[in-house]
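# Report on the structure
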Amino acid sequence: MNEHLFLKGQRVITPDGEGEVVDSSGDQISVKLDDGETKLSIC
């Protein structure tokens, strides 16, 4: 089972702050931070 599974809308904590997953594809996720900034992360 993939231990890095993220679902759209899931709340996450990143080094840049808390946010919500807006897209996940393979080992990349896009997170919209609470301050409005969108970050791309590679898991």
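Check the entry above for the structure.
To keep things clear, this report deals only with the structure shown in the data block. (Residues numbered from 1 in each chain as written. Predicted model: local features only at pLDDT ≥ 70, side-chain atom pairs only at ≥ 80, totals over all residues. Heavy atoms only, no water.)

### A few points about the pattern of salt bridges
A complete count under the given rule lists four salt bridges for this structure. R11 serves as the salt-bridge partner of E18, at 3.7 Å between the closest nitrogen and oxygen. Residue E18 is classed as partly exposed on the basis of its relative accessible area of 44%. A salt bridge links R11 to D34; the shortest N-O distance between them is 3.1 Å. Of the two residues, R11 sits in strand β1 (residues 11–14) while D34 sits in the loop between β3 (28–33) and β4 (38–42), which places them 23 residues apart along the sequence. (Salt bridge = Lys/Arg side-chain N within 4 Å of Asp/Glu carboxyl O. Buried < 20%, exposed > 50% of the residue type's maximum accessible area, 1.4 Å probe, protein only. Helix = DSSP H or I, 4+ residues; strand = E, 2+ residues; numbered from the N terminus.)

### Quick look at the sheet that holds β4
Strand order across the open sheet formed by four strands is β1-β2-β3-β4, with antiparallel pairing between neighbours. Of all strands in the sheet, those with a lone pairing partner are β1 and β4, marking the two edges. Sheet twist, expressed as the mean angle between neighbouring strand axes with direction ignored, is 45°. As paired elements, strand β2 (residues 17–25) and β3 share six bridges and run antiparallel to each other. Counted as the bridge partner of S24 is I29 from β3. (Pairing = 2+ DSSP bridges. Axes fitted to C-alpha atoms, helices over the stretch in contact; angles between N-to-C directions.)

### Looking at the nonpolar core
In this structure, V12, V21, I29, V31 and L33 together form the largest nonpolar core, which totals five residues. Setting aside chain neighbours within four positions, we find V31 in contact with V12, T14, G19, E20, V21, V22, E37, T38 and K39. (Core = buried A, V, L, I, M, F, W, Y, C linked by side-chain atoms within 4.5 Å. Contact = heavy atoms within 4.5 Å.)

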